[in-house]
Amino acid sequence: MRPLIALTIANIKSFTRDRAAIFWTIAFPILFVVLFGSIFSGGSGSTFKIGWADQDGTPASTALRAAFDSTGLLKLTDGTETDLVAKMANGDLDGVIVVQPGLGAAFATDGTTTLGLRTDPSQQTQSATIRQVVSQVVNAANLQATGKSAVISVDDEALQTNNIGTAAYFVPSILAMALMQLGVFSAIPLVEQREKHILKRLSATPLNRATLVGSNIIMRLLLALMQTILIVAVGGVLFGVSIIGSLALVAGFVVLGSVTFISIGYVIASYAKTEESANALTSMVQFPLMFLSGIFFPIALMPDFLRPIATLMPLTYLGDALRQVMVGGAPFASLAIDALVLGGWLAVSFLISARYFRWQ
Amino acid sequence: MIMIGRRLLRGYRQRQVTASGSGRPAPPVWHRELSADTGAPVIEARDLRKAYGQIQAVDGVSFTVARGEIFGMLGPNGAGKTTTVEMLEGLRKADSGVAMVLGIDAGRDPDALKERIGVQLQASSLYPRLTVTEVIDLFGSFYQHRRPTEEIIEALDLGERRDGRTSELSGGQQQRLSVALTLVNDPELIFLDEPTTGLDPQARRLLWDLVRVKKEEGRTVMMTTHSMEEAEELCDRVAIMDHGHILEMGTVSELIQRRFKDLSIRFDTIPGLDDARLSALPGVSRVVHEDGEIALYTPDVASSIGGLLAATTAMGAEPKNLAVRRATLEDVFLELTGRALRD
C-alpha cells in the first residue's frame, strides 16, 4: 500500500508541476466549454421559439395568443401538439404551449382551465425565463378576465429535447473529449520514463509493475474526477446546464471511459520508442478519435462514408452515454451498448499493451 | 510525507533506546542486519552468457566476489560489463549460466534479491519534476527496510540541493543522487555502474570514501569503471573484460606483475639512436615507441641506464625527460585490449 500511495503522490506532484500538462487537461477543456457554449447558445438572444397548439379555437384563445405575441419575447409557431412536440424534441423549438379545449368556455362561465407548457429541463436558464414570461402573461390575462380567481393555471411539463448546437449537447461532449485526452496522453510520461531509464531503475527495486500501473491509473482517475467537476461546474454556472441523470451512472461512465482511453494510451506507449514519437502518435490518434466520433456532430449529420467509422469510435459511445446520463440527450445507442463498446475497446487495448509494452 | 517522516523518527528513537539499553552510550543502531557470514561468496557467476540477436554480449563469464570486497570491472565500451552486472542485479535473464547473488538465483528469484541490493544504473535519470528529497523518499517507500532520507542526503553532500528539482541539478549532482538512491534500503550489496563519471575530483573522493565506509561495515561493492585511477585506488580486485570475456582477474598488483615484471625507462626519442642499439643495451628486454617517447623494459634498471647514458654520451646527445616507471594498470589494459580506455 505504501509504495502505491507514495508513487501516486509522486505522479500527482510531477503532473501538477508540468505546466503543459495542466493546460491540456484542465484549462483547455474549460476554454472549449466557454468557447463552444458562447458560440452555440448566444444565437437565440432573448427571443424564444415557442410552439402554439390551439385546441380551443375561440376568440379567447386568439386574444391570449396576441397577449403572448405582444411581449416580443416569444416567437410563436402554430401547429398541432404532436407536430410541435416533435419539432421541439429535434431542437427546432425551445418550448411548446398547449391551449386546452374549453378556454373560451372557462372565461365565459368563470370556470378554470389549464395551459400546458413544455420546456427543456437541461436548458435551465432558458426554461426558467420562458416559464416566467408565460406566467406573467397568464396572470395578466387572469386579472383582465375576471379580476377575481384565476381562470388559467399553467401545467408545467418537462420535455427533454435533442437540442443540437446548445451547451447541453456540448458539455458532455467536451467532458468526453477531455477524458479521452487525459487517457491517451498517459502515453507521453510513460515513454519519457522509459526513455530516461526511470522504468528500468524502478524495476531494480522491489516495486512491482502492478503497483506502478495502478498508481498511474489512480492518478489519472483523480484528474478525471477533477475535470468532470470543473467542466460540469463551468457548464452549469455559465450556460445553465445541469445534470439531470444519476450521478452514480455519470461517475461510472467517467471511470469506464477514462480507463478505456488510458489503456489506449498504453497501446501508444507500446509502439512509441521516443518521447517525440509518443507526442506525434498521440496527436495522430487523438484527432481522428475526436473528429471522427459523434461527440461534436450527431452521426446522422455526417457524410455517408464517415458514418461507419464514427460508429466504431469509442469516443462516440462515451459522448453518447455521458449525454444520456447527464442531460438526458436522445440516445444514439442504449447505455448497455455504450458500456459494451467501451469495454470492448478496453479489453482489446489492454491485451495489446500487455503483449507489446516494453519496460526497458 | 509528514506521516512517513514521523514514523521514521519514531523508529529512530526506538532504535536508539534499544541500543543504549546495554548500559553504555552506543551509537544508534541503524544498519540492516547483515546475513550471517557463512564464508560463501556474495556473488558467484558461473559461465554467464547473453546474446542480443547476433551479438554475443557476454560470452561465458565466471567469477566470485567475497563479502566485504570492492570488486571492479574494467573494459572498453561494449565489452559486456553492464550486461553482466544487470544479470547479477536480476534485471536481465542470462541465456545460460547461473548468477547466484546473496545466495539467491538472480535469474529465478529477482524479487527476493531486489530488497537486499542497491543498484545504480548508467545513464538513468530520475523524476525530473520532483525534488531530491522527494525522490529519495519515494524510493525509500519501495523497501521494507530503509534509512532516513536526511542521512542519505548528508552522505552524498546533497544538502544544499535537497529542495531543488532533479532536472535542475548539475551532472555531478545527478550522479551523486543516483548513488544516493542505492543506499536507501541499506543494502548488503551495492552495484555501481560507472559511478564517478562526470564527477569533479572532490566529489569523486567523497564517493570513494563512502564506498570504503560501506566496505568497512561489511558490505560488498561491485562496480564497473572507466577510470584506471579509480580501480587502482579503490578496488580490492579487478576483472578486465572485453568482447564478452574476462581477460584477466586479480588484485591490481597481481595483474601488473603477471604481465610486467620489468620496469620501464622512458625518455624522448633521440634521432640516430636506433632500436638495434637500444635492444643490445644491458638488461633491456623490450623496446617500445609511444608518442615520441621510447620505453625500455628491463629487470635491471641500474645497468640499463648506465648503458643508455654511455651510448648517448658517445653520440654527444642526452636523454631528455628521463624517467623510470613501474607498469600501471593502464599498461595491462592496453596490452590486453589493444585500446585505451576513454572517459
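All values derive from a computational prediction rather than experimental measurement.

Student: Before we move on, can you summarise the nonpolar core with the specific residues and values?
Tutor: Membership of the largest hydrophobic core comes to 119 residues, with the highest contact counts inside it found for Ile174, Leu202, Phe296, Leu322 and Met326 of chain A together with Leu329 of chain B. The greatest single-element share of this core, amounting to 13 residues, is contributed by helix H7 (residues 167-184) of chain A. Sequence-distant contacts of Ile174 of chain A, defined by excluding residues within four places in its chain, comprise Pro29, Phe32, Val33, Phe36, Ile231 and Phe296 of chain A.

Student: Residue-level account of the domain arrangement of chain A, with values.
Tutor: Here chain A is partitioned into domain 1 (2-40 + 165-356) and domain 2 (44-158). Each of domain 1 of chain A and domain 2 of chain A has a C-alpha centre, and these two points are 43 Å apart.

Student: Describe the interface of chain A and chain B, and please don't skip the residues or the numbers.
Tutor: Each side of the interface is counted separately: chain A has 25 residues, and chain B has 29 residues. Around 2,700 Å² of area is buried between chain A and chain B when both sides are counted, 56% of it from carbon and sulfur atoms. Per-residue buried area on chain A facing chain B is highest for Arg2, Arg17 and Arg201 of chain A; these three make up 28% of the total on that side. The partner of Arg129 of chain B in a salt bridge is Glu192 of chain A, and the shortest N-O contact between them spans 3.9 Å. On the surface where chain A and chain B come into contact, there are eight residue pairs in polar contact (both at pLDDT 80 or more). Elements with a contribution of two residues or more to the side of chain A that touches chain B: helix H1 (2-16), helix H8 (187-195) and helix H9 (198-203) of chain A. A total of nine residues in the side of chain A that touches chain B trace back to one element, the largest contributor, which is H1 of chain A.

Student: Can you explain helix H9 (residues 252-259) of chain B? Please cite residues and give values.
Tutor: Residue and element names in this part refer to chain B. All of the buried residues in H9 are Val252, Leu255 and Ile256. Summarising the axial view, the buried residues of H9 lie within an arc of 95°, below the 170-degree limit, and thus occupy one face. On its buried face, H9 sits against helix H8 (228-234), strand S9 (237-242), strand S10 (245-250) and helix H12 (329-337).

Student: Just give me the short version of the packing of helix H11 (residues 247-271) of chain A against helix H15 (residues 335-356) of chain A, but keep the residues and values in it.
Tutor: Residues and elements named next belong to chain A. Taken N-terminus to C-terminus, the directions of H11 and H15 make an angle of 30°; their axes are 8 Å apart at the nearest point. By the angle class used here, H11 and H15 are roughly parallel. In this structure, H11 meets H15 at a crossing whose hand is left-handed. Residue-level contacts link Leu249, Phe253, Leu256, Val259, Thr260, Ser263, Ile264, Tyr266, Val267, Ser270 and Tyr271 of H11 to Leu335, Asp338, Ala339, Leu342, Trp345, Leu346, Ser349, Phe350, Ile352, Ser353 and Tyr356 of H15. Along the lines of polarity and charge, the residues of the contact of H11 with H15 split into 16 nonpolar, five polar and one charged.

What counts as what
Residues numbered from 1 in each chain as written. Chains lettered and ligands numbered in written order. Predicted model: local features only at pLDDT ≥ 70, side-chain atom pairs only at ≥ 80, totals over all residues. Heavy atoms only, no water. Core = buried A, V, L, I, M, F, W, Y, C linked by side-chain atoms within 4.5 Å. Buried < 20%, exposed > 50% of the residue type's maximum accessible area, 1.4 Å probe, protein only. Helix = DSSP H or I, 4+ residues; strand = E, 2+ residues; numbered from the N terminus. Contact = heavy atoms within 4.5 Å. Domains from an automatic or database assignment. Buried area = accessible area lost by both parts, 1.4 Å probe. Salt bridge = Lys/Arg side-chain N within 4 Å of Asp/Glu carboxyl O. Polar contact = N/O pair within 3.5 Å; in protein donor to acceptor, adjacent residues only side chain to side chain. Arc of directions from axis to C-beta. Axes fitted to C-alpha atoms, helices over the stretch in contact; angles between N-to-C directions. Parallel < 35°, antiparallel > 145°, perpendicular 65-115°, else oblique. Left-handed = near helix turned anticlockwise from the far one by under 90°. Nonpolar A, V, L, I, M, F, W, Y, C, P; charged D, E, K, R; others polar.

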